[in-house]
Amino acid sequence: VDSDTVRAFLGRNRAWLERQVEIRPSAQVVREGSVIPFRGQDYRIVIDEKAQAITPNEQGEIVLPARGEPVLRLQRFLIAQASEDLKTRAERLSQKLGIPFRSLRVRDTKTRWGSCSSKACLNFCWRLIFADDLIREYVVAHEVAHLKHMDHSPSFWAQCAALCPDNLDIEAAKQTLRREGNGWHALIFDGSVGR
């Protein structure tokens, strides 16, 4: 692509690009005292010398042991929570669909919350653990429905809706992902700034 084409594209899309920059949240480095979402609720990060394990509590805190690099340990904890949660949901929904998936991976994807390959491999973004249960249920139902329909046809959307619970509003779930997702991606877990 030559520079004139790039300039023309930027000129045509300038207003949209400026809006995207304005609405994109600034990076938030997670440290003691930070507030982060976990399973749809906000928790304040607390580092405690006496803590033995990472523990979300009823006071709205996630308590981290002080040893090692607490914030990196928190990130590993969140990834493990996401892996377990998303795998359990995918197993249940694929069984309901009657089509098994071959593998499931959880990574830090930037552009998709989930995907399903033609070889029945499911992939999810671990940052979905920040969302509430219904949002995670929608994303998993969406990808599991792709085991049967590898498109976004009316048949796919009917299958996706059939896999979702009755109280799940798919359009509202998609709007929540668009509205909140950039903030979830803006969270940075850097062990050098844990305290």
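Residues numbered from 1 in each chain as written. Predicted model: local features only at pLDDT ≥ 70, side-chain atom pairs only at ≥ 80, totals over all residues. Heavy atoms only, no water.

Asks: Explain the sheet that holds strand E7 (residues 114-116) to me, using residue names and the numbers behind them.
Replies: Taken in spatial order, the three strands of this open sheet run E6-E8-E7, and their pairing is mixed. This sheet does not close on itself; its edge strands, each paired only once, are strand E6 (103-107) and E7. Adjacent strand axes in the sheet meet at a mean angle of 15 degrees, parallel and antiparallel pairs treated alike. Pairing of E6 with strand E8 (residues 121-125), which is carried by five bridges, proceeds in the parallel orientation. (Pairing = 2+ DSSP bridges. Helix = DSSP H or I, 4+ residues; strand = E, 2+ residues; numbered from the N terminus. Axes fitted to C-alpha atoms, helices over the stretch in contact; angles between N-to-C directions.)

Asks: How would you sum up the pattern of salt bridges? Please name residues and give values.
Replies: Taken as a whole and assessed by the stated rule, the structure comprises 14 salt bridges. The network of salt bridges with shared partners includes Arg39, Asp85, Arg89, Arg92, Asp133, Arg136 and Glu137. (Salt bridge = Lys/Arg side-chain N within 4 Å of Asp/Glu carboxyl O.)

Asks: Any chance you could break down the side chain of aspartate 85 for me, citing the residues and the numbers?
Replies: As for its placement among the helices and strands, aspartate 85 is situated in helix H3 (residues 70-97). A distance of 2.8 Å separates polar atoms of two side chains, one belonging to aspartate 85 and the other to arginine 136. (Polar contact = N/O pair within 3.5 Å; in protein donor to acceptor, adjacent residues only side chain to side chain.)

Asks: Report on the nonpolar core, specifying residues and quantitative values.
Replies: Ranked by size, the top nonpolar core spans 51 residues in total, and within it Leu74 and Leu78 carry the most contacts. Every element with two or more residues in this core is listed here: strand E2 (35-38), strand E3 (41-48), strand E5 (61-65), H3, E8, helix H4 (133-145), helix H5 (154-163) and helix H6 (170-185). (Core = buried A, V, L, I, M, F, W, Y, C linked by side-chain atoms within 4.5 Å. Buried < 20%, exposed > 50% of the residue type's maximum accessible area, 1.4 Å probe, protein only.)

Asks: Give me the pairing of E8: which residues, what numbers.
Replies: Counting buried positions along E8 yields four of five residues, so the element is predominantly enclosed. Joining the antiparallel neighbours E7 and E8 is a turn of four residues, in which alanine 120 adopts a positive phi near 65 degrees.

Asks: Residues and numbers for unusual backbone geometry, please.
Replies: Positive phi is not limited to glycine here, since arginine 39 has a value of about 55 degrees. Position of arginine 39 relative to the elements: it lies in the loop between E2 and E3. On the basis of relative accessible area, arginine 39 is assigned to the partly exposed category, the value being 29%. Located in the positive-phi region is alanine 120, a residue other than glycine, with phi close to 65 degrees.

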